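Coordinate inspection notes
Residue-level listing of the chains:
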Amino acid sequence: MNITPVILAGGIGSRLWPLSRKSYPKQFAALISGQSLFQTTLERLSGEGFDAPMVLTGADFRFIVTEQMAQSGKQAQAILIEPEGRNTAPAILAAAKWLEAHRPDTLMLVAPSDHAIPDAAGFRAAVRAASAAAEAGRLVTFGITPTRPETGYGYIELSDPAQAEGVQPVARFVEKPDRATAEQMLATGGYLWNGGIFLFSPAALIAAFEAHAPGLLPPVTAALEEGRHDLDFLKLDPEAWAGAEEISIDHAIMERSDRISVQPWAGAWSDLGDWRAVSEQLPQDASGNALTGAVSTIDCESSLLYAEDGGPELVGVGLRDLLVVAMRDAVLVADRNAAQKVKDVVALQRDKATPAAESFPWDHRPWGRFETLALGSRFQVKRIVVKPGGILSLQSHHHRAEHWIVVEGTALVTIGDTQTLVSENQSVYVPLGETHRMENPGKVPMVLIEVQTGTYLGEDDIIRYEDVYARDQGAKG
């Protein structure tokens, strides 16, 4: 029986702020290698015995998912779009119901898109070793051999601590412990970290929902049946989805079912849940510093210094056990032992309505991206990059006019009924209210500077008339 990876790619990862934000979370960033965490997950869960993946994500990330999959040479069986985050239980149930209808003979391997597991081949072997139990109707979770008394993870207690390998029954799940309890469990043995990775058949999982969380079945089933196909995506019905309880798969099923088994994994693993975890995955110098980007240090020890590409030069002097992350619009400085509290920083910034709490200066679109260079009360200057073949929607604005200056490549510009090729160092003017569109007909990225003037400059001042990406009205659609 083949295995279908079900990749969860809708999280925000606020403990990795300011690199990870609501507008572009950590799973899509090249955090510890040249590929994004999402792309390394695709690679890890492919090969002999693995079918094309399913992906569950949010509407804002759907084109990032398809772009990064194309870069990796991967194609999905299905991409399900969650109207809003309802935690893992509804999302995984939606995947099981889709597979029940389309691939009932498969096993589903549910995996977050933001974990680091260096030994990909070894992990695939562990998955295959757990397949027999899953085919027999067991709900298999993967437990990580603990290496420290971690308080940020839940634990799994083994029924037989002496059995170090192979699928085995679970005695119980343990919530995130305090330090003393974690130290005691580590010393006693027989406990594994709960890795949040699962293997089961769609039928077995649906039966578990029928037994332990039947209230989720009607709204999730309706969200699928009433969902709308849009290009390569299946958008779950928002009204039905809103009726699903917000609950994790652990609380809904894994802690209630008597059919749970665990496959131990003794290899390296990290959920990259905070900056301390990231620093442990990066190469370190002789003083224990993890350095990324344009960074220099003098007399620093056991610290992470992370500078964004193209951002400011980051220099550390005399630092000890610190986390320093420098982006163009925000800088984080924290004690290594307080890494878990970064999530509270995001909440604080959100309460202050700080733009950097959730959004970057640059924003991704299916045709490319843009970044704000300057913003005033009645003007805004943007740098817009349109990838080869990228086409913006045919649109107009109620409140602003635009002036476009091409600085790299060539743009095919439509204004009203007129089409014009605009090359480097040439410019065009788009009057307020006029329909317009730009596209890149060339083979290299096209870059232009856009100067907006008007009484309102918000991204939601867009009326779309035609769009090759089938987006709805609004900032992103």
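These numbers were taken from a predicted model, which means no experiment stands behind them.

Some remarks on the overall build of the protein
Within the protein, the regular secondary structure consists of eleven helices and 28 strands. The C-alpha atoms of the protein give a radius of gyration of 24 Å, which matches the 23 Å a tight globule of 477 residues would have. With the C-alpha coordinates of the protein rotated into their principal frame, the extents come out at 75 × 60 × 40 Å. Residue pairs at least 24 apart in sequence account for 68% of intrachain contacts in the protein once pairs closer than 6 positions are excluded.

Looking at the environment of valine 295
On the secondary structure map, valine 295 appears in strand β13 (residues 295-298). Exposure remark for valine 295: the relative accessible area of 17% places this residue in the buried category. With 20 residues separating them along the chain, valine 295 and valine 315 place their C-alpha atoms 5.7 Å apart. In this structure valine 295 touches Leu305, Ala307, Glu313 and Leu314, once residues within four positions along its chain are discounted.

A few points about the sheet that holds strand β22 (residues 400-408)
With antiparallel pairing, six strands are arranged side by side in an open sheet as β18-β19-β20-β27-β22-β25. On the outer flanks of this sheet lie β18 (362-365) and β25 (427-430), each paired with one strand and no other. Looking at each pair of strands side by side, their axes are set apart by 20° on average, direction ignored. Bridge count between β22 and strand β27 (residues 446-454): eight bridges; the pairing is antiparallel. Residue isoleucine 405 lies in a different strand from β27, and its bridge partner there is isoleucine 449.

A short note on the side chain of histidine 115
Within the secondary structure, histidine 115 is located in the loop between β4 (107-112) and α4 (120-135). Given a relative accessible area of 6%, histidine 115 falls into the buried group. In this structure the side chain of histidine 115 is engaged in a polar contact, spanning 3.2 Å, whose partner is the side chain of tryptophan 269. In contact with histidine 115, other than residues within four places in its own chain, are Thr41, Arg44, Gly195, Ile197, Trp269, Ser270 and Asp271.

With respect to the layout of surface pockets
In this structure, the second largest pocket encloses a volume near 760 Å³. For the second largest pocket, the lining is made up of 31 residues, of which Tyr24, Ala30, Trp362, His364 and Arg369 are closest to its centre. Secondary structure elements with two or more residues in the lining of the second largest pocket: α2 (62-71), β14 (304-307), β18 and β19 (368-375). It is α2 that contributes the most residues to the lining of the second largest pocket, four residues altogether. Taken together, the residues that form the lining of the second largest pocket break down as 15 nonpolar, nine polar and seven charged.

Here we look at empty space enclosed by the protein
Applying the stated criterion to the full structure yields two cavities of 30 Å³ or more. Estimates place the volume of the largest cavity at around 210 Å³. Forming the boundary of the largest cavity are 22 residues, of which Trp367, Leu392, Gln395, Glu459 and Ile462 lie nearest the centre. Class assignment for the residues of the lining of the largest cavity results in eight nonpolar, five polar and nine charged. Roughly 100 Å³ of internal volume is contained in the second largest cavity. Along the wall of the second largest cavity there are eleven residues; nearest its centre are Asp60, Phe63, His364, Arg365 and Pro366.

What to know about the pattern of salt bridges
This model, assessed by the stated rule, comprises 25 salt bridges. Between arginine 276 and glutamate 280 there is a salt bridge, with the nearest N and O atoms lying 3.8 Å from each other. One end of the pair, arginine 276, and the other, glutamate 280, are both in helix α10 (residues 275-281), four residues apart, so they sit about a helical turn from each other. Its relative accessible area of 30% is what places arginine 276 among the partly exposed residues.

Focus: the UniProt feature "domain: MannoseP isomerase/GMP-like beta-helix" (unreviewed entry) in the protein
Summarizing the sequence annotation, UniProt attributes the feature "domain: MannoseP isomerase/GMP-like beta-helix" (unreviewed entry) to residues 297-346 in the numbering used throughout. The span residues 297-346 carries 10% helix and 40% strand; its end-to-end C-alpha distance comes to 27 Å.

Overview of the environment of tryptophan 17
By the element assignment, tryptophan 17 lies in the loop between β1 (3-8) and α1 (37-44). A sequence separation of 136 residues divides tryptophan 17 from tyrosine 153, and the C-alpha atoms of the two residues are 19 Å apart. What tryptophan 17 contacts, discounting residues up to four positions off in sequence, is Trp275, Ala330, Leu332, Val342, Val345, Val346, Ala356 and Ala357.

A closer look at the environment of threonine 418
Tracing the backbone shows threonine 418 in strand β24 (residues 418-422). Separated by 18 residues in the primary sequence, threonine 418 and histidine 436 place their C-alpha atoms 9.2 Å from one another.

Considering the UniProt feature "domain: Mannose-6-phosphate isomerase type II C-terminal" (unreviewed entry) in the protein
Sites flagged by UniProt as "domain: Mannose-6-phosphate isomerase type II C-terminal" (unreviewed entry) map to residues 364-467. For the annotated span residues 364-467, helix accounts for 0% and strand for 59% of the residues, and the straight-line distance between the end C-alpha atoms is 16 Å.

Quick word on the nonpolar core
Among the nonpolar cores identified, the biggest contains 58 residues, and Phe28, Leu31, Phe38, Trp275 and Met438 are the most heavily contacted of them. Ranked by residue count, the leading element in this core is α2, at four residues. Core analysis: the next-biggest nonpolar cluster, separate from the first, contains 49 residues, Leu93, Ile249, Ile253 and Met254 among them.

Calculation notes
Residues numbered from 1 in each chain as written. Predicted model: local features only at pLDDT ≥ 70, side-chain atom pairs only at ≥ 80, totals over all residues. Heavy atoms only, no water. Helix = DSSP H or I, 4+ residues; strand = E, 2+ residues; numbered from the N terminus. Rg over C-alpha atoms; globule rule 2.2 N^0.38 Å. Contact = heavy atoms within 4.5 Å. Buried < 20%, exposed > 50% of the residue type's maximum accessible area, 1.4 Å probe, protein only. Pairing = 2+ DSSP bridges. Axes fitted to C-alpha atoms, helices over the stretch in contact; angles between N-to-C directions. Polar contact = N/O pair within 3.5 Å; in protein donor to acceptor, adjacent residues only side chain to side chain. 1 Å grid on protein atoms, 1.4 Å probe; cavity = no way out; pocket = protein on both sides within 12 Å on 5 of 7 lines; lining within 4 Å. Points joined across faces, edges and corners; volume = space filled by probe spheres on them. Nonpolar A, V, L, I, M, F, W, Y, C, P; charged D, E, K, R; others polar. Salt bridge = Lys/Arg side-chain N within 4 Å of Asp/Glu carboxyl O. UniProt positions renumbered as here; feature names shortened; annotations may be inferred. Core = buried A, V, L, I, M, F, W, Y, C linked by side-chain atoms within 4.5 Å.

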